[in-house]
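# Chains, contacts and geometry: an overview
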Amino acid sequence: MTDEKTTPAAEPQAEAAPNTEGTQPEKEAAKSPKKEKAEKKKDLAAELEAAKAKADAAEKETAQLRDQLLRTAAEYDNFRKRSAREQDSAFGNGVSHAVEKILTILDTLEMAANAPTTDEAYKKGVVMTLEKAAAAFEALKVEEIPALNLPFDPEVHSAVMQQPAAEGQESGTVVQVFQKGYKLGDKVVRHATVVVAE
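Residues numbered from 1 in each chain as written. Predicted model: local features only at pLDDT ≥ 70, side-chain atom pairs only at ≥ 80, totals over all residues. Heavy atoms only, no water.

Here the focus is the overall build of the protein chain. What the protein chain contains, in helices and strands, is 2 helices and 6 strands. For the protein chain, the proportion of its 198 residues judged to be buried stands at 16%. Considering only contacts within the protein chain whose residues lie at least 6 apart along the sequence, 61% involve residues at least 24 apart. Accessible surface, the protein chain: about 15,600 Å² in total, of which carbon and sulfur atoms supply 56%. (Helix = DSSP H or I, 4+ residues; strand = E, 2+ residues; numbered from the N terminus. Buried < 20%, exposed > 50% of the residue type's maximum accessible area, 1.4 Å probe, protein only. Contact = heavy atoms within 4.5 Å. Areas by Shrake-Rupley, 256 points an atom, 1.4 Å probe, with all protein chains shown as cover.)

Below, the structure written as structure tokens:
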């Protein structure tokens, strides 16, 4: 019988122990919502700061990439323009070189056209050749440099002689053209060889 009494007495003590343990977590559970909210706020604030830092870093990187892209685009545009200028210049140099070589032939043809002749067919053929040369020069944008009765311009004229000014002529005026001058755009292919009034 003693064994039976001790056994039931031991059981209530074992049951009492879980009851006291069960009440403590309830107290902690009552305190934890405030702590959890505070911890959540701290976590959210930390996450927000981290997100802001990432956004700032991304914004800076975007600005750097945009700047780099704009610089690259500007460099490419400058390269393209420079290449176009160089190509135009190379083409212009080639045309002016070819024109320079042809001019001596045209000078000879002009002398032939202005020379007295009895063969009209011959003169007509020379004049037609000169007209075709003038059309070709126009297509190439090669222009004759105006000189006669204009003020002498050392940029486009080459004076080989001076002569006393005739009545009504101003000093420094071109009074005779020995050899026509030509230019391609702003570039002088050959200066006009002229006589200038003193």
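We now examine the side chain of Thr 173. One can find Thr 173 in the loop between β2 (157-163) and β3 (174-179). You can call Thr 173 buried: its relative accessible area is 12%.

Our next topic: the sheet that holds β3. With mixed pairing, the 3 strands of this open sheet are ordered in space as β2-β6-β3. Looking along the sheet, the strands with just one partner apiece sit at the ends: β2 and β3. Taken pair by pair, the neighbouring strands of this sheet meet at an average axis angle of 30°, ignoring direction. Looking at chain direction, β3 and strand β6 (residues 192-197) are connected through 4 bridges and run antiparallel. From the neighbouring strand, Gln 176 faces β6, where its bridge partner is Val 195. (Pairing = 2+ DSSP bridges. Axes fitted to C-alpha atoms, helices over the stretch in contact; angles between N-to-C directions.)

Residue pairs spaced three or four apart in an α-helix point in one direction, given the helix's 3.6 residues per turn. The first and last C-alpha atoms of helix α2 (residues 120-139) sit 29 Å apart over 20 residues, in line with the 28 Å expected at 1.5 Å per residue. Residues of α2 that are buried include every one of Val 126, Leu 130, Ala 133 and Phe 137, and no others. The arc enclosing the buried residues of α2, seen along the axis, measures out at 60°, which places them on a common side. Exposed positions of α2 whose direction lies more than 90 degrees from the buried face are Glu 120, Ala 121, Lys 124, Glu 131, Lys 132, Glu 138 and Ala 139. You can read the cap of α2 off the contacts: a side-chain oxygen lies 3.3 Å from the backbone nitrogen of Ala 121, and it is on Asp 119. A positive backbone phi angle near 65° is found at Lys 141, which sits one or two residues after α2. (Expected span 1.5 Å × (residues − 1). Arc of directions from axis to C-beta. Polar contact = N/O pair within 3.5 Å; in protein donor to acceptor, adjacent residues only side chain to side chain.)

Attention shifts here to the packing of aromatic side chains. Inspection of every chain in the model, using the stated rule, returns 1 aromatic pair. Arranged with centres 5.6 Å apart and planes meeting at 80°, the rings of Phe 137 and Tyr 182 form a pair that is edge-to-face. Of this pair, Phe 137 sits in helix α2 while Tyr 182 sits in strand β4 (residues 181-184); the two residues are 45 residues apart in sequence, bridging distant segments of the chain. On the basis of relative accessible area, Tyr 182 is assigned to the buried category, the value being 8%. (Phe/Tyr/Trp six-rings, centres within 6.5 Å; stacked < 30°, edge-to-face > 60°.)

This brings us to the pairing of β6. Of all 6 residues in β6, 6 are buried, a share of seventy percent or more. The alternating pattern of β6 places Ala 192, Val 194 and Val 196 on one face and Thr 193, Val 195 and Ala 197 on the opposite face, and all of these are buried. With 6 bridges connecting them, β2 and β6 associate as parallel partners. Bridging across to β6, Ala 159 finds its partner in Val 194.

Topologically, Val 189 is positioned in strand β5 (residues 187-190). Residues Val 189 and Ser 96, 93 residues apart in the sequence, show an inter-C-alpha distance of 5.8 Å. Discounting residues that sit within four places of it in the chain, Val 189 has contacts with Ser 96, Val 99, Glu 100, Leu 103, Tyr 182, Lys 183 and Leu 184.

What holds strands together in a sheet is hydrogen bonding between their backbones, with the strands either parallel or antiparallel. Pairing is antiparallel in the open sheet, where 3 strands are placed in the order β1-β4-β5. Taken across any chain shown, the strands that pair with only one partner, and hence form the sheet edges, are β1 (142-145) and β5. Direction aside, neighbouring strands of the sheet carry axes that sit 35° apart on average.

This part takes up the pattern of salt bridges. Tallied over the full model, the rule gives 6 salt bridges. In this structure, the salt-bridge partner of Asp 77 is Arg 80, at a minimum N-O distance of 2.5 Å. With Asp 77 and Arg 80 both in helix α1 (residues 2-114), this residue pair falls 3 residues apart, about one helical turn. Since its relative accessible area comes to 25%, Asp 77 is described here as partly exposed. The partly exposed category is assigned to Arg 80, whose relative accessible area is 43%. (Salt bridge = Lys/Arg side-chain N within 4 Å of Asp/Glu carboxyl O.)

These results come straight from atomic positions and should not be treated as a statement about function.
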